[in-house]
Amino acid sequence: MMMFESINDYVNHCGNFASEDLAVFNSLLVPRSVKKKQILLREGEICNFEAYIVKGCIRTYYIDENGSEAILQFAIEDWWVGDIGSFHDRTPSLFYIEAMEDSELLTLNVASKAALLERLPKFERVFRLMIQRHLVAVERRLIRTMARTAEERYLDFIKQYPKITQRVPQHYIAAYLGMTPEFLSKVRRRLATRSA
């Protein structure tokens, strides 16, 4: 089926899976359509899903002590989204997960993931590589946040996520970069002046 084409490509980049293996995997995935601004997870809830994004854009954020949103991640097509710690440890989430666009997801819950790994242990590699990809992204983001100027952080962001700047309002990008929308506007103006 067309809906499973991209996730099957993703899986096959992680290993060589027979069509029968993919059929089992696909049978455990639950398609989910979410509308723009729909909250998939709230702080304090236990995350009951890991979701592969077929189409759309999702953000993960928390609300700081001042009541401001701090965006941890944007995820678009071919990325997974969820709260890994809450999902695996069955603990309350510290995050919110919200659709930035109408989105199409393929989800696994705790029971379906356990059934998959029991029946086809070689899928462990897929999820290990997914977690490694996520960890690398988090580490790079941490280094960029700590060691770069505002301009460098913005330039890194547009280099790493060129498609997101067209899909996400500027105030969300500012929240991701740890600056106010006004300051981000100044950064963008300075960069535009330099390149003119």
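Now for a look at the structure at hand. As the structure is a prediction and not an experimental result, all values here were calculated from the model.

1. Remarks on the overall build of the protein
So, point 1. Counting its regular elements, the protein contains eight helices and eight strands.
So, point 2. Radius of gyration (C-alpha) of the protein: 18 Å, near the 16 Å computed for a compact globule of 196 residues.
So, point 3. For the C-alpha atoms alone, the extent of the protein along its principal axes is close to 55 × 35 × 30 Å.
So, point 4. Summarising the internal contacts of the protein: among those between residues at least 6 apart in sequence, 70% fall at separations of at least 24.
So, point 5. Counting every atom, the protein has about 10900 Å² of accessible surface; 55% of that belongs to carbon and sulfur.
So, point 6. The protein carries 27 positive and 25 negative side-chain charges, and their two centres are separated by 6 Å.

2. What about the nonpolar core?
So, point 1. Core analysis: the largest hydrophobic core is formed by 39 residues, its most contacted members being Phe74, Phe157, Val168 and Leu177.
So, point 2. Broken down by secondary-structure element, the contributors of at least two residues to this core are strand 2 (39-41), strand 3 (50-55), strand 4 (58-63), strand 5 (69-75), strand 7 (96-99), helix 6 (150-160), helix 7 (170-177) and helix 8 (181-195).
So, point 3. Dropping the residues within four chain positions of it, Leu177 is found in contact with Arg153, Tyr154, Phe157 and Leu184.
So, point 4. Formed by 21 residues, the second largest nonpolar core is a distinct cluster that contains Phe17, Trp80, Leu117 and Leu120.

3. Considerations on the packing of helix 6 against helix 8
So, point 1. Direction vectors running N to C along helix 6 and helix 8 enclose 80°, while the axes themselves pass 10 Å from each other. Accordingly, the angle class assigned to the pair helix 6 and helix 8 is roughly perpendicular. Facing helix 6, whose interface residues are Ala150, Glu151, Tyr154 and Leu155, helix 8 presents Phe183, Leu184, Val187, Arg188, Arg190, Leu191 and Arg194.
So, point 2. When the residues that make up the contact of helix 6 with helix 8 are grouped by side-chain class, the tally is seven nonpolar, no polar and four charged.

4. A look at the pattern of salt bridges
So, point 1. Enumeration according to the criterion identifies nine salt bridges in this entry.
So, point 2. The salt bridge involving Glu98 is made with Arg59; its shortest N-O contact spans 2.5 Å. Linking Glu98 in strand 7 with Arg59 in strand 4, this pair joins segments that are 39 residues apart in sequence. Each member of the pair, Glu98 as well as Arg59, carries the same accessibility label: buried.
So, point 3. One salt bridge connects Glu151 with Arg194, and the closest N-O pair in it is separated by 2.8 Å. Of this pair, Glu151 sits in helix 6 while Arg194 sits in helix 8, placing them 43 residues apart in sequence.
So, point 4. Relative accessible area serves as the criterion here: at 57%, Arg194 is assigned to the exposed category.

5. A few points about unusual backbone geometry
So, point 1. With a phi close to 75°, Lys37 is a non-glycine residue in the positive phi region.
So, point 2. Structurally, the position occupied by Lys37 is in the loop between strand 1 (30-34) and strand 2.
So, point 3. On the basis of relative accessibility, which here comes to 53%, the residue Lys37 falls in the exposed class.

6. What to know about the packing of aromatic side chains
So, point 1. For the structure on display, the rule yields 12 aromatic pairs.
So, point 2. Centre to centre, the rings of Tyr52 and Trp80 are 5.6 Å apart; their planes meet at 65°, and the pair counts as edge-to-face. Of this pair, Tyr52 sits in strand 3 while Trp80 sits in strand 6 (residues 80-81), and the two are 28 residues apart along the sequence.
So, point 3. Here Trp80 falls in the buried class, since its relative accessible area comes to 6%.
So, point 4. With 5.4 Å between their ring centres and 50° between their planes, Phe157 and Tyr161 make a pair best called tilted. Side by side, Phe157 and Tyr161 carry an identical accessibility label, which is buried.

7. Let's talk about the packing of helix 7 against helix 8
So, point 1. Between helix 7 and helix 8, the least distance of the axes is 8 Å, while the angle of their chain directions is 95°. Classed by the angle they form, the pair helix 7 and helix 8 counts as roughly perpendicular. Residues Gln170, His171, Ile173, Ala174 and Leu177 of helix 7 lie in contact with helix 8, whose contacting residues are Pro181, Leu184, Ser185 and Arg188.
So, point 2. When the residues that make up the contact of helix 7 with helix 8 are grouped by side-chain class, the tally is five nonpolar, three polar and one charged.

Reading the values: rules and limits
Residues numbered from 1 in each chain as written. Predicted model: local features only at pLDDT ≥ 70, side-chain atom pairs only at ≥ 80, totals over all residues. Heavy atoms only, no water. Helix = DSSP H or I, 4+ residues; strand = E, 2+ residues; numbered from the N terminus. Rg over C-alpha atoms; globule rule 2.2 N^0.38 Å. Contact = heavy atoms within 4.5 Å. Areas by Shrake-Rupley, 256 points an atom, 1.4 Å probe, with all protein chains shown as cover. Lys, Arg positive; Asp, Glu negative; His and termini not counted. Charge placed at Lys NZ, Arg CZ, Asp CG, Glu CD. Core = buried A, V, L, I, M, F, W, Y, C linked by side-chain atoms within 4.5 Å. Buried < 20%, exposed > 50% of the residue type's maximum accessible area, 1.4 Å probe, protein only. Axes fitted to C-alpha atoms, helices over the stretch in contact; angles between N-to-C directions. Parallel < 35°, antiparallel > 145°, perpendicular 65-115°, else oblique. Nonpolar A, V, L, I, M, F, W, Y, C, P; charged D, E, K, R; others polar. Salt bridge = Lys/Arg side-chain N within 4 Å of Asp/Glu carboxyl O. Phe/Tyr/Trp six-rings, centres within 6.5 Å; stacked < 30°, edge-to-face > 60°.

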